[in-house]
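Structure assessment
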Amino acid sequence: MTSPNSPADPSTLDGRRATAKIELSDDGSSYSCVRVFGAPPERVFRAFTEPDDLRVWFPAGAPEGSEMTTCESDPVIGGEYRYAMTIPGFGSMNWYGTYTGVDRPTRIDAEEWFVMGDGEPEGPPTRQTLTFEPIDAGHTLMTMQVDMPAPEDPETFMEQSASGLTSSLSTMDELVSRSADPA
Amino acid sequence: MTRTRLGANTSDEHTAERTETAEQVLDALGERNRRRLLELLHVQRESTVTELVEASGMRQPQVSKHLKVLAEAALVRVRADGRHRHYRLDGRGLQTAHEWFGSFDDVWQARFDALDDLVANDDSAPERATPDTRSQDPT
């Protein structure tokens, strides 16, 4: 029997944190996440699709003072979701999504457009798939696969995905830090 | 940490004070031709406008316009030498953007931790068994 203090033990928070894997593809066009959560799939599915739950966890990691001003979700095939977050000193970030596949509580497929500031979503969407698999006693293994569209329109590509934006920042960071003079 | 807004004086390239905002940096990076110029400057270390025009295939007014945006976002810096202006990469703009926007996997790690905290501590949920295995209460 595993010790309750073992870091690999999914019944502990640290154990579940240790399961997290987040990988960005080399070209920055897709990423995948894996994580164990301490509740059954139905509860985790609800957390990903119900506004009261989303408002609790979705803003985590955003700059301090950020606030989710809109959170709507209709988790059925053809249903839509809409999130908006205001970031102090910057403005708003907006997510527009359509559920293209819903197999409760096992799987969600969606198309999503990300827009910085005001403006209508445009161009091809990001495609996402989430799966929730029951493991151990009352835990869930979540996988997330996100495929971002090819940059057809460079002016809006950066607006279509916060993750794409951050991956480009990482690429640029690497370029610049190898070349820039120390200040 | 406060963010400084775009100041009126951006003509002094050697100012130590940061006037670029994260939004400016992200806007500057969001244009493919500007990213191309940054890549060229990475390879060449330092270039004049003419050299960038030749290397990029863009027209000179376009290159100049993009370099101005990049300079105002502190992504490139300029050194004047007689008639020529020499451009090189500047890391300050990216530093501004990074301070504002957490790294990609930090954001997801934070979200997953918050989600786990929410669902793992939720004792009010009735479902521990799927509906088709839930047994009826004998009454």
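Residues numbered from 1 in each chain as written. Chains lettered and ligands numbered in written order. Predicted model: local features only at pLDDT ≥ 70, side-chain atom pairs only at ≥ 80, totals over all residues. Heavy atoms only, no water.

1. Things to note about the overall build of chain B
For the record, the criterion: Numbering of helices and strands starts at the N terminus; helices are DSSP runs of H or I of at least 4 residues and strands are runs of E of at least 2. Contacts between residues were defined by any pair of non-hydrogen atoms, one from each residue, lying within 4.5 Å. All accessible-area figures derive from a Shrake-Rupley calculation using a 1.4 Å probe, and residue coverage is judged against the displayed protein chains alone.
On a plain count of helices and strands, chain B comes out with six helices and three strands. What you see in chain B, going N to C, is helices and strands ordered as α-α-β-α-α-β-β-α-α. Across chain B, the fraction of contacts at a sequence separation of at least 24, relative to all contacts at a separation of at least 6, is 54%. Total accessible area computed for chain B in this model is approximately 8100 Å², and 47% of it derives from carbon and sulfur atoms.

2. Remarks on the nonpolar core
As a reminder, the rule being used: What makes a nonpolar core is a set of buried Ala, Val, Leu, Ile, Met, Phe, Trp, Tyr and Cys residues whose side-chain atoms join them at distances within 4.5 Å. For each residue, the accessible area found with a 1.4 Å probe, counting protein chains only, is set against the maximum for its type, and the residue is called buried under 20%, exposed over 50%, and partly exposed in between.
Among the nonpolar cores identified, the biggest contains 39 residues, and F48(A), W57(A), M142(A), M144(A) and F112(B) are the most heavily contacted of them. It is helix α6 (residues 104-120) of chain B that contributes the most residues to this core, six residues altogether. V25(B), V49(B), L75(B) and Y87(B) belong to the second-largest nonpolar core, a separate cluster that totals 19 residues.

3. Re the pairing of strand β8 (residues 139-147) of chain A
Residue and element names in this part refer to chain A. Cut-off, in case you're wondering: Strands qualify as paired when DSSP identifies two bridges or more between them.
Bridge count between strand β2 (residues 30-37) and β8: eight bridges; the pairing is antiparallel. The residue of β8 that forms the bridge with V36 is L141. Pairing between strand β7 (residues 126-135) and β8: nine bridges, direction antiparallel. Considered in β8, the bridge of F132 is made with M142. Linking β7 to β8, which pair antiparallel, is a turn of three residues; within it D136 sits at a positive phi near 50°.

4. Side note on the sheet that holds β2(A)
Residue and element names in this part refer to chain A. The cut-off we apply is this: Where helices are involved, their axes are fitted lines through C-alpha atoms of the stretch in contact, as for all axes, and angles between N-to-C directions lie from 0 to 180°.
Strands sit in the order β1-β2-β8-β7-β6-β5-β4-β3 across an open sheet of eight strands; the sheet is antiparallel. Both edges of this open sheet fall to β1 (21-24) and β3 (67-73), since each of them pairs with a single strand only. Strand after strand, the sheet turns through a mean of 15° between neighbouring axes, direction not considered.

5. Re the pattern of salt bridges
Put simply, the rule reads: Salt bridge criterion: a side-chain nitrogen from Lys or Arg within 4 Å of a carboxyl oxygen from Asp or Glu.
This model, assessed by the stated rule, comprises 15 salt bridges over all chains. The salt bridge involving D90(B) is made with R92(B); its shortest N-O contact spans 2.9 Å. Each member of the salt-bridge network shares a partner with another, and the members are D14(A), R16(A), R17(A), R35(A), D113(B) and D116(B).

6. Here's the deal with helix α2 (residues 41-49) of chain A
Within an α-helix, residues lying three or four positions from one another point in the same direction, as the helix has 3.6 residues per turn. Of all nine residues making up α2(A), eight are buried, and the element is well covered by its neighbours. Within the sequence span of α2(A), burial applies to P41(A), R43(A), V44(A), F45(A), R46(A), A47(A), F48(A) and T49(A).

7. As for the environment of R85(B)
Inspection of the secondary structure puts R85(B) in strand β3 (residues 84-89). Spatially, the C-alpha atoms of R85(B) and E46(B) are 9.9 Å apart, while their sequence positions differ by 39 residues.

8. Points about helix α4 (residues 60-72) of chain B
Residue and element names in this part refer to chain B. We count it as follows: Helix span is expected to be 1.5 Å times the residue number reduced by one.
Compared with an ideal rise of 1.5 Å per residue, which puts 13 residues at 18 Å, α4 spans 18 Å between its outermost C-alpha atoms and is within 8% of the ideal. Against the buried residues of α4 lie α1 (22-29), α2 (32-44), α3 (49-56), β2 (76-81) and β3. Where α4 terminates, the next one or two residues include A74, which has phi positive at roughly 60°.

Nothing here speaks to function; it is all geometry.
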